[in-house]
Amino acid sequence: MFDIKTPSGQMPTIFSVRDEALHKSFKRPVAGAYSLSSLKELEPMNDACSKIFTQKMDGFVGKDIDLGVWVHWYAWDTISSITFSNRLGFMEQEKDINNIIAAIEGRLFYNSIVGQVPSLHRFLFGNRFVAWLADFIPSVAILNSSKYIVAFTAKQLERYQSKEVNTSDLQDMLARFKRFKDGELVMSDSELLSHASGNIFAGSDTTAASMRSIFYNLCRNGNAHRKLLDEIDEADKKGELSDPVTFAEAQNLKYLQAVIKEALRMHPAVGLLLERVVPAGGAELGGVWLSEGTIVGMNPWVAARDKATYGEDAYQFRPERWLEAGEERLKVMERNFMAFGAGTRTCLGRNVSLMEMSKLVPQVLRRFEFELTEPEKELRMYDYWFVQQKGLVCTVKRRHE
Ligand code: HEM
């Protein structure tokens with residue numbers, strides 16, 4: 001159900017593959033492309049996106065905008081730029097290009113329900129007739145959009161391979177995935193397709209939800225907001241921030257990093273169980289014996305609100321907790337921080353998303369402030385595997401004339 005169809009047939013992805021050895025063989029050739037050292041070369045593509053975002057905000061001063069939609073478009077333009085050197089233009093065109101955001105949301109809705117009762121799949125879109133029939137009803141077809149998402153990525157790849165974009169000197173992620181070994185390409189086209197579609201599937205909604213959490217929590221917590229602005233202004237005054245802010249400089253902004261971490265703790269992008277299968281021989285977990293093959297899981301939202309780990313104020317947004325904790329406490333907090341998952345399946349794109357957030361937030365807050373337009377209204381939340389927020393409507397204000 002979570003595998004993808006490629007021209008060479010149905011194949012598992014790095015997300016769906018269950019066999020640990022196969023998972024390792026999927027991960028090995030691409031892991032380097034996600035490393036901190038590779039990110040430096042991706043920064044200019046990220047900068048181009050944060051520049052467009054900032055220019056757009058400039059035009060919105062004094063107006064109300066849906067900031068949640070704008071960070072989603074930023075995340076999309078950035079991930080498409082750094083994956084295939086092709087910014088799709090969500091921000092420039094101010095729309096959901098090819099309805100890809102809606103398509104992903106539709107499929108997640110289906111997967112999050114059927115994923116809990118997989119036996120239903122063969123009566124629904126796993127049944128060829130039902131799938132064929134669904135294509136005639138747009139509101140149902142959107143729930144069966146994995147084909148569409150893969151075709152969307154395949155089109156980007158085709159464009160890339162045909163050198164419609166000049167790929168010779170590009171250091172995007174695809175260029176890194178395509179490395180040669182002993183004169184042979186390390187990966188087949190189908191594997192490339194699988195990894196590229198994984199990037200856009202895993203790297204857009206997640207980063208958007210996390211950035212919504214950052215801006216929303218800053219709007220709701222004046223003290224933290226003020227402290228962050230002071231840190232940015234202070235660093236600016238000392239000449240410690242370039243324009244645009246580099247990832248390295250943003251990492252030195254300790255309060256900013258605590259704000260990001262706390263926003264991800266308050267709102268992990270994944271809101272269902274991160275499942276694992278008990279290995280051969282069974283295992284004892286928390287005093288309970290589980291036989292092999294049992295599916296167990298943890299919801300990052302539950303782990304994030306554990307008072308034994310984060311203290312009595314675990315339900316509060318308080319970035320200081322990451323700066324005040326002693327060495328031992330910090331270790332426990334880090335171990336329970338599951339926004340990016342845990343163990344061998346930990347998020348590969350963690351550094352990519354941290355770069356996207358770390359660069360955009362100070363770059364934007366140097367110039368603008370956001371205020372909730374209707375502070376009496378709460379955000380609406382939808383948990384379809386990713387927990388998406390709706391209704392982050394803000395008034396844009398310029399900070400300095
Ligand atoms: C704030 C943003 C992000 C969050 C919160 C997030 C969260 C996650 C989570 C919870 C997992 C599953 C981990 C587990 O089962 O233990 C995961 C896996 C993964 N993520 Fe992310 N992710 C984010 C951004 C990204 C980005 C930007 C990319 C790509 C550039 C990406 C690529 C991946 C991949 C490839 C995996 C599968 C790793 C594996 O199985 O080896 N993610 N992510």
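Above this text you will find the structure in question.
What this report covers is the structure whose coordinates are included nearby. (Residues numbered from 1 in each chain as written. Predicted model: local features only at pLDDT ≥ 70, side-chain atom pairs only at ≥ 80, totals over all residues. Heavy atoms only, no water.)

Let's shift gears to the overall build of the protein chain. Helices and strands together make up the secondary structure of the protein chain, namely 19 helices and 13 strands. The C-alpha radius of gyration of the protein chain comes to 22 Å, within 12% of the 21 Å expected for a compact globule of 401 residues. Considered along the principal axes of its C-alpha atoms, the protein chain spans approximately 60 × 60 × 50 Å. Taken over 401 residues, the protein chain has a buried fraction of 49%. Contacts in the protein chain between residues at least 24 apart in sequence constitute 71% of all its contacts with a sequence separation of at least 6. Element-wise, carbon and sulfur atoms account for 55% of the exposed surface of the protein chain, whose accessible area totals about 19600 Å². Across the protein chain, the centroid of the 50 positively charged side chains sits 2 Å from that of the 52 negatively charged ones. (Helix = DSSP H or I, 4+ residues; strand = E, 2+ residues; numbered from the N terminus. Rg over C-alpha atoms; globule rule 2.2 N^0.38 Å. Buried < 20%, exposed > 50% of the residue type's maximum accessible area, 1.4 Å probe, protein only. Contact = heavy atoms within 4.5 Å. Areas by Shrake-Rupley, 256 points an atom, 1.4 Å probe, with all protein chains shown as cover. Lys, Arg positive; Asp, Glu negative; His and termini not counted. Charge placed at Lys NZ, Arg CZ, Asp CG, Glu CD.)

Inspection of the region around the ligand gives 27 residues, with H23, R276, A342, R345 and C347 positioned closest. Between the ligand and the protein, one listed contact pairs an oxygen atom with a side-chain N or O atom of R276 at 2.6 Å. At 2.9 Å, a backbone N or O of A342 approaches an oxygen atom of the ligand. Elements with a minimum of two residues in the shell around the ligand: α1 (20-31), α10 (189-203), α11 (205-220), β6 (274-277) and α19 (350-365). For the shell around the ligand, a count of residues per class yields 14 nonpolar, 10 polar and 3 charged. (Near = heavy atom within 4 Å. Polar contact = N/O pair within 3.5 Å; in protein donor to acceptor, adjacent residues only side chain to side chain. Nonpolar A, V, L, I, M, F, W, Y, C, P; charged D, E, K, R; others polar.)

The peptide bond linking D243 to P244 adopts the cis configuration, its omega dihedral lying at 0°. Despite not being glycine, E94 has its phi angle at roughly 55°, a positive value. The topology assignment puts E94 in the loop between α4 (90-93) and α5 (100-114). Given a relative accessible area of 37%, E94 falls into the partly exposed group. Positive phi, normally seen in glycine, also occurs at W385, with a value near 75°. With respect to the element layout, W385 can be found in the loop between β11 (380-384) and β12 (386-390).

The next thing to look at is the packing of helix α12 (residues 222-237) against helix α14 (residues 254-266). Put simply, α12 and α14 touch, their axes get as near as 8 Å, and they point 140° apart. Judged by the twist between their axes, the crossing of α12 over α14 is left-handed. Contacts between α12 and α14 involve A224, K227, L228 and E231 on the former and, on the latter, K254, Y255, L256 and V259. Classifying every residue of the contact of α12 with α14 gives 5 nonpolar, no polar and 3 charged. (Axes fitted to C-alpha atoms, helices over the stretch in contact; angles between N-to-C directions. Left-handed = near helix turned anticlockwise from the far one by under 90°.)

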